[in-house]
Amino acid sequence: MSNTAQRLTPEYEIVEDNGTIRYQEHGYPSDLIRWHAHDDYELHYIVATSGKVFIGDYIGNYSAGQLILTGPRLPHNWICQNDQTAVELRDMIIRFDHESFSLGMKTIPELAEVLPLLAKAKSGIEFLNIDHHYIRQTFEAVRASSGLTRLTLALPLLQHLAQSADYRLLSTVQIDLKSNEALQRKINTVVDYVTQNYDQDISLADVSSLIGMSDSHFSRFFKKATGNRFIEFVNRVRISRACNLLTETDDQIANICFQVGFNNVANFNRRFHELKGVTPRDFRTQSNLNTKTNILPIFTDPSNA
């Protein structure tokens, strides 16, 4: 950690560190783990734990070694799996704002090299096949430094990522969630409820009453905040869990359908194809082939391709 004490507000903002490059880290459990958005770019390097990652309207799996850049106002959260034990360090984070770079490039034109990276960050970027030794070493160096030294350590990392062609964009919708802590808490409550109860019958009325809203108000609020209708979000969570079961078990597809909360196999197959671009059977076949050849399967929404 840097020598300067850092105090966090509920909005997840650093108060005492006003440098161009800022650093944070936290373990698990932590009050900072929740659905939230802010004005900074954040480069997250996950050091430990596994579970579900939510970036805008994207829902996927995460594990140690994941590197994701989120842009301003893009809501995000990493939710650990239920049996995860406490860890001292889960997430290392490098933060910076857009204004520093937009103003800086007026006098230092070379900073414009990272502009394409910042534009893509509006959707969230996951970097693939990264050099974990280099990434971890750089994050630790940034953590231990301050001032100009910290800036000169972080800029080569951003340049390296800007030049990388091995990445995928995550959120199909660029969400603008206003900085309102009360509203963010409501969304976080809903996200937690769905991820814990996706295998049950989840009604709009139950969830809207959970956060004290009428059904119609909640529908508009949730769509504006996440880019999805509520039922679409529930389906994304269920399909994400189905992908795990298809790759990790030999359960019959019909059984998986009911395990993840669908009550109709035809509807399950249809929703799965809409989100993944393949049928559940083809998904399992491709996953098995990739496992045998030691290739990590990456399945994204068709609209992200």
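Nothing here was measured: the structure is a model prediction, and the numbers come from that model.

Thresholds applied
- Numbering of residues starts from 1 in every chain and runs along the sequence as written.
- For this predicted model, a pLDDT threshold of at least 70 governs which residues receive local features, and a threshold of 80 or more governs which side-chain atom pairs are given and counted, while totals over whole chains, interfaces and linings are taken from all residues.
- As a convention, hydrogens and water are excluded, and side-chain values are obtained from all of the structure's heavy atoms.
- Note on aromatic pairs: the rings of Phe, Tyr and Trp (six-membered ring only in Trp) are paired at centre separations within 6.5 Å, and the planes decide the class, stacked below 30 degrees, edge-to-face beyond 60, tilted for the rest.
- Here, a charge over a ring is recorded when the distance from Lys NZ or Arg CZ to the ring centre is within 6 Å and its angle to the ring normal is within 35 degrees.
- Strand pairing follows a simple DSSP-based rule, namely that at least 2 bridges must link the two strands.
- Counting from the N terminus, the helices are the DSSP runs of H or I reaching at least four residues and the strands are the DSSP runs of E reaching at least two.
- Helix axes are fitted to C-alpha atoms over the stretch in contact, other axes to C-alpha atoms as well, and angles between N-to-C directions run from 0 to 180 degrees.
- Only heavy atoms enter the contact rule, under which two residues are in contact if any of them lie within 4.5 Å.

Before we go on, may I ask you to explain the packing of aromatic side chains in this structure?
Here a ring pair, both rings aromatic, is described through the centre-centre distance and the interplanar angle of the planes. Within the structure shown, the criterion is met by 11 aromatic pairs. In this arrangement the basic side chain of Arg238 is found over the ring face of Phe262, its NZ or CZ atom lying 5.9 Å from the centre.

Teacher, can you tell me more about the sheet that holds strand β7 (residues 87-96) here?
For sheets, the rule is that strands pair by backbone hydrogen bonds, running either parallel or antiparallel. Within the open sheet, the six strands sit side by side as β1-β7-β2-β5-β8-β9. Their pairing is antiparallel. The open sheet has two edge strands, β1 (22-28) and β9 (167-169), and neither has a second partner. On average, each strand axis in the sheet is inclined to that of its neighbour by 20°, with strand direction left out of account. Two elements, strand β8 (residues 125-127) and β9, share three bridges in a ladder whose sense is antiparallel. Residue pairing across strands places Glu126 opposite Arg168, the latter belonging to β9. Along the sheet, helix α3 (residues 132-144) contacts β1, β2 (41-46), β5 (67-70) and β7; its crossing angle with β7, the most-contacted strand, is approximately 80°.

Whenever I open this one, the sheet that holds strand β4 (residues 58-62) confuses me. Can you help?
Overall, antiparallel pairing links the three strands, which are arranged β4-β3-β6 in an open sheet. If you trace the sheet from one side to the other, it starts and ends with β4 and β6 (76-80), each paired once. Pairs of neighbouring strands in the sheet enclose a mean axial angle of 20°, with direction left out of account. One ladder, built from five bridges, connects strand β3 (residues 51-55) with β6; its direction is antiparallel. Following the sheet pairing, Val53 is matched in β6 by Trp78. Packing of helix α5 (residues 181-197) onto the sheet brings it into contact with β3 and β6, and relative to β6 it is tilted by some 35°. On the sheet, helix α8 (residues 230-248) packs against β3 and β4 and is oriented at approximately 30° with respect to β4.

Geometric values such as these leave the question of function open.
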